[in-house]
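Structure assessment
The lines below spell out each chain.
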Amino acid sequence: MEDAIITTTAIEKPSMAMAMQALESAAFAAWPSEHSSDLNGWNLRLDRGYTKRANSLNATAHSQHLSEADLDSVEARFRQLGLMPTIRLTSFSSAPEADELLEQRGYRHSDLSLVMTRALSGADDRGQEKQTILEEAEEWLEAFQAISGKSGDDQTIHLDILRRIKHPVAWAAYPASGSPQCCGLGVLVGQNLGLFDIATHADHQRQGLAQQLCRGLLAWGHRRGARNAFLQVIAANSFAVRLYEKLGFQVAYKYWYRIR
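Presented here is an overview of the structure given in this document.

Looking at where Asp47 falls in the secondary structure, it is placed in the loop between strand 2 (42-46) and strand 3 (56-58). Asp47 gets classed as buried once you look at its relative accessible area, which sits at 2%. In terms of polar contacts, Asp47 uses its side chain to reach the side chain of Arg164, at 2.7 Å. Leave out the neighbours within four places in its chain, and Asp47 touches Pro32, Ser33, Glu34, Ala54, Asn55, Leu81, Leu83, Ile157, Ile161 and Arg164.

Here it is as structure tokens:
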């Protein structure tokens, strides 16, 4: 019996890691960086800034040990682009020693985040009529800027990322009539629906708008073949975490950044 337990555990852990890595791959596809390459099982994603997701060296289920020479090379790549060397580690990475190595090298810990998931079903096929799906990235970004208050040169980079998405996108705003007070993206990658850039205007927060918007995105995705939904949220944002828990999302794994 003891041998059977050991064998089952040995099978389950790689299986779980691969399932998590599949979500990572879907998230990378849904939020594409300008350049992406493999470095000993690490995913190097480089752009011109804006989000760390698109500008980081990412640990995977296949990551191998990073040597000092590897890190020297990676840091040089970042600095050539005027970016801070940023490395994203996951709770299921195959290179757990990397965190300590980066700590010793002077990388600070930043933005512990949660990847939350939930299954989709026919019960999610409601609420779509409560939002509007805008025509294109430019129109949606205009609404996002008005709602979030974000502006400046980095929004040009934001638009480039949005235009680069090759998968079906719901450019969603809520409510369907009048000025948008809440907005977000649904990106469908295979059977995985990713939710991104969920934002609510400061004057309309805590009124249930984001919950209605997300329900509409879940309906949109399920009707187009999605069977699983995922999102990424900073762990310290307790209000957002509670919102997603109310929507049925549960934590699948964690990630964090090391920045030099």
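All told, the structure shown has seven aromatic pairs when counted by the stated rule. On the numbers, 5.7 Å between centres and 20° between planes, the contact of Trp31 with Phe196 is stacked. Taken as a pair, Trp31 in the loop between helix 1 (2-30) and strand 1 (35-39) and Phe196 in strand 9 (residues 192-200) lie far apart in primary sequence, 165 residues in all. Of the two residues examined, Trp31 and Phe196, each falls in the buried class. Pairing Phe92 with Tyr253 gives two aromatic rings, centres 5.0 Å apart and planes at 85°, and the pair type is edge-to-face.

Further remarks concern the pairing of strand 1. Here strand 1 pairs with strand 2 via five bridges, running antiparallel. When the sheet's bridge partners are listed, Leu39 is paired in strand 2 with Trp42. The hairpin formed by strand 1 and strand 2 contains two residues between the paired strands, and Asn40 there has a positive phi angle of roughly 50°.

One can find His158 in helix 5 (residues 154-164). Overall, the relative accessible area of 0% leaves His158 in the buried class. Sequence separation between His158 and Gly49 is 109 residues, and the spatial gap between their C-alpha atoms is 8.8 Å. When near neighbours in sequence (up to four residues on either side) are disregarded, His158 contacts Trp31, Tyr50, Trp140, Leu141, Phe144 and Asp197.

In this section: the sheet that holds strand 11 (residues 250-259). If you trace the eleven strands from one edge of the open sheet to the other, you get 1-2-3-4-11-5-10-9-8-7-6, paired in mixed fashion. In this open sheet, the two strands that pair with only one neighbour each are strand 1 and strand 6 (132-133). In the sheet, strand 8 (residues 182-189) pairs with strand 9 via seven bridges, with the strands oriented antiparallel. Counted as the bridge partner of Cys182 is Thr200 from strand 9. Lying on the sheet, helix 2 (residues 68-80) is in contact with strand 1, strand 2, strand 3 and strand 4 (86-90); it crosses strand 2 at an angle near 20°.

With five of five residues buried, strand 4 lies mostly within the body of the structure. Along strand 4, one buried face is formed by Thr86, Arg88 and Thr90 and the opposite face, lined by Ile87 and Leu89, is buried too. Bridging between strand 3 and strand 4 involves two bridges; their strand directions are parallel. Paired with Asn58 across the bridge in strand 4 is Arg88. Running through helix 2, the crossover from strand 3 to the neighbouring parallel element strand 4 is right-handed. Relative to strand 11, strand 4 runs antiparallel, the two sharing five bridges. Counted as the bridge partner of Ile87 is Arg258 from strand 11.

Parameters and conventions
- Residues numbered from 1 in each chain as written.
- Predicted model: local features only at pLDDT ≥ 70, side-chain atom pairs only at ≥ 80, totals over all residues.
- Heavy atoms only, no water.
- Helix = DSSP H or I, 4+ residues; strand = E, 2+ residues; numbered from the N terminus.
- Buried < 20%, exposed > 50% of the residue type's maximum accessible area, 1.4 Å probe, protein only.
- Polar contact = N/O pair within 3.5 Å; in protein donor to acceptor, adjacent residues only side chain to side chain.
- Contact = heavy atoms within 4.5 Å.
- Phe/Tyr/Trp six-rings, centres within 6.5 Å; stacked < 30°, edge-to-face > 60°.
- Pairing = 2+ DSSP bridges.
- Axes fitted to C-alpha atoms, helices over the stretch in contact; angles between N-to-C directions.
- Right-handed = clockwise from strand over helix to strand, strands pointing away.

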